[in-house]
Amino acid sequence: VLGVLAEGALAAGEWDLAKEIFGQVLDSPLDRKLAVVSCVEQVSDHIQLRVARKEKVPQELASLAFEYLKPLASLHPAHIWYVTLGSDVAEATGDLQQAEKVFKMTMEAYPRDSSSFNNLAYLLARRGTDLDRAQELVEKAMLLEPKHNVYYLDTAGWIAFKRGDFERARDLLLASLRQMNRNQGQSVSESLWHLGRVYEEMGSTDSAIWCYQKALRIAPSGAFGVRSQQALERLGGTGSTRSLELE
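Asks: I keep staring at the packing of helix 7 (residues 114-127) against helix 9 (residues 149-163) and nothing clicks. Help me out?
Replies: Angle between the axes and distance between the axes: these two values describe a pair of packed helices. Relative to each other, helix 7 and helix 9 sit at 25°, their axes nearing to 9 Å. Comparing the axis directions of helix 7 and helix 9 gives the class roughly parallel. Judged by the sense of rotation from one axis to the other, the crossing of helix 7 with helix 9 is left-handed. Note on element contacts: helix 9 touches helix 7 through Tyr151, Tyr152, Thr155, Trp158, Ile159 and Lys162, opposite Ser114, Ser115, Asn118, Ala121, Tyr122, Ala125 and Arg126. By residue class, the composition of the contact of helix 7 with helix 9 is 7 nonpolar, 4 polar and 2 charged.

Written out as structure tokens, the structure is:
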């Protein structure tokens, strides 16, 4: 119930009310750490939805995220989830230097943390800047921890997309999706949206629509579900009968 109330307050821009509700979450019987994580996730999800809708992220919203991130980061400074959320919030508010800095600091302090290398590579790929550096970083991540290739293949695919190498991008993204399972909902939705974008550029509209429809079904309220809905509206995508071999 509190989560629904908080979402309503965030959507309405009632920052003080949202903070009051989050205060009740923190005072609830939940484990303190889990309660803080719950608050951070909700604020972060709302920020990503605003980004997906191309809406401005108010500074008050970013401040809320940083307020709840701070105690978590102090307890677990190397936890990639906290680091990534901090970078995402900085990027969403236009502080691109800080968005990169948090990953670079983690890479220096924990040089065998493959996730930091991958996530900085993905940040550069999203921005379409320094793609050579992005490629070096994701290759480093793959060497450090091959078992996480499911995520790193997606990053490599998006780098290839940004380079205009659409066939390579398609092959890498398909390889990533074949290793994922539906329990990784948001990640699957994100990779399907990536693959849809690739198929669009390749002129394979039916395949793109199939990807967007599947991404929307998997995470209808998530950021990449929203982006997929936007893509379907743009393409007039109703019933694509095409099925891709992802299994």
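Asks: Looking at this model, I keep getting lost on the packing of aromatic side chains. Mind explaining?
Replies: Aromatic ring pairs are described here by two measures, namely the spacing of the ring centres and the angle between the planes. Applying the stated criterion across every chain, the model contains 4 aromatic pairs. Geometrically, the ring pair formed by tryptophan 158 and phenylalanine 161 is stacked, given 4.3 Å between the ring centres and 5° between the ring planes. Here the residue tryptophan 158 and the residue phenylalanine 161 both occupy positions in helix 9, the gap between them amounting to 3 residues, near one helical turn. Judged on exposure class, the residue tryptophan 158 and its partner phenylalanine 161 are both buried. Aromatic pair phenylalanine 161 and phenylalanine 166: ring centres 5.7 Å apart, planes at 55°, arrangement tilted. Judged by relative accessible area, which is 22%, phenylalanine 166 ranks as partly exposed. Three or more aromatic residues joined by ring pairs form one cluster here, namely Trp158, Phe161, Phe166, Trp193 and Phe224. Residue placement shows arginine 126 over the ring face of tyrosine 122; its charged tip is 4.8 Å from the ring centre. For arginine 227, the ring lying beneath its charged end belongs to phenylalanine 224, and the centroid distance is 4.9 Å.

Asks: Sorry if this is basic, but what is going on with helix 6 (residues 96-109) here?
Replies: One full turn of an α-helix is made of 3.6 residues, so residues set three or four places apart face in the same direction. The end-to-end C-alpha separation of helix 6 is 21 Å, in line with the 20 Å expected for 14 residues at 1.5 Å each. Of all the positions in helix 6, only Ala99, Glu100, Val102, Phe103, Thr106 and Met107 are classed as buried. Around the axis of helix 6, the buried residues are gathered within 150° of arc, so they sit on the same side. Turned more than 90 degrees off the buried face of helix 6, the exposed positions are Gln97 and Glu108.

Asks: Whenever I open this one, the packing of helix 8 (residues 131-144) against helix 9 confuses me. Can you help?
Replies: Relative orientation of the contacting elements helix 8 and helix 9 amounts to 165°, with a least axis distance of 10 Å. Accordingly, the angle class assigned to the pair helix 8 and helix 9 is roughly antiparallel. Relative to helix 9, helix 8 is oriented so that their crossing is left-handed. Along its contact with helix 8, which presents Leu131, Asp132, Ala134, Gln135, Val138, Ala141 and Met142, the element helix 9 presents Asn149, Tyr152, Leu153, Thr155, Ala156, Ile159, Lys162 and Arg163. Among the residues forming the contact of helix 8 with helix 9, the class breakdown is 9 nonpolar, 3 polar and 3 charged.

Asks: When you look at the layout of surface pockets in this model, what are you seeing that I'm missing?
Replies: Where empty space is left in the structure can be found by rolling a water-sized probe over the atoms. Size it by volume and the largest pocket reaches roughly 1,600 Å³. Taken together, 46 residues form the lining of the largest pocket, with Asp88, Tyr122, Gln186, Glu190 and Phe224 sitting closest to its centre.

Asks: Explanation requested: the nonpolar core in the structure shown.
Replies: The nonpolar side chains of a soluble globular protein tend to be buried with one another. With 53 residues, the main nonpolar core has Leu120, Leu137, Leu192 and Leu195 as its most contacted residues. Ala9, Val43, Leu64 and Val89 belong to the second-largest nonpolar core, a separate cluster that totals 16 residues.

Asks: Please clarify how the environment of valine 89 should be interpreted in this entry.
Replies: Tracing the backbone shows valine 89 in helix 5 (residues 80-92). Distance from valine 89 to isoleucine 47, taken between C-alpha atoms, is 7.4 Å for residues 42 residues apart in sequence. Once you skip the residues sitting within four places of it in the chain, valine 89 turns out to touch Ile47, Ala62, Ala65 and Phe66.

Asks: Got a minute to help me understand the pattern of salt bridges in this structure?
Replies: Taken as a whole and judged by the stated rule, the model has 11 salt bridges. The closest approach of N and O atoms between aspartate 88 and arginine 126, which form a salt bridge, is 3.8 Å. Taken as a pair, aspartate 88 in helix 5 and arginine 126 in helix 7 lie far apart in primary sequence, 38 residues in all. Between glutamate 201 and arginine 197 there is a salt bridge; the shortest N-O distance is 3.8 Å. In this pair, glutamate 201 and arginine 197 both sit in helix 11 (residues 185-201), 4 residues apart, roughly one turn of the helix. Here arginine 197 falls in the partly exposed class, since its relative accessible area comes to 21%. Taken together, the shared-partner salt bridges connect Arg197, Glu200, Glu201 and Arg234 into one network.

Conventions we followed
Residues numbered from 1 in each chain as written. Predicted model: local features only at pLDDT ≥ 70, side-chain atom pairs only at ≥ 80, totals over all residues. Heavy atoms only, no water. Axes fitted to C-alpha atoms, helices over the stretch in contact; angles between N-to-C directions. Helix = DSSP H or I, 4+ residues; strand = E, 2+ residues; numbered from the N terminus. Parallel < 35°, antiparallel > 145°, perpendicular 65-115°, else oblique. Left-handed = near helix turned anticlockwise from the far one by under 90°. Contact = heavy atoms within 4.5 Å. Nonpolar A, V, L, I, M, F, W, Y, C, P; charged D, E, K, R; others polar. Phe/Tyr/Trp six-rings, centres within 6.5 Å; stacked < 30°, edge-to-face > 60°. Buried < 20%, exposed > 50% of the residue type's maximum accessible area, 1.4 Å probe, protein only. Lys NZ or Arg CZ within 6 Å of the ring centre and 35° of its normal. Expected span 1.5 Å × (residues − 1). Arc of directions from axis to C-beta. 1 Å grid on protein atoms, 1.4 Å probe; cavity = no way out; pocket = protein on both sides within 12 Å on 5 of 7 lines; lining within 4 Å. Points joined across faces, edges and corners; volume = space filled by probe spheres on them. Core = buried A, V, L, I, M, F, W, Y, C linked by side-chain atoms within 4.5 Å. Salt bridge = Lys/Arg side-chain N within 4 Å of Asp/Glu carboxyl O.

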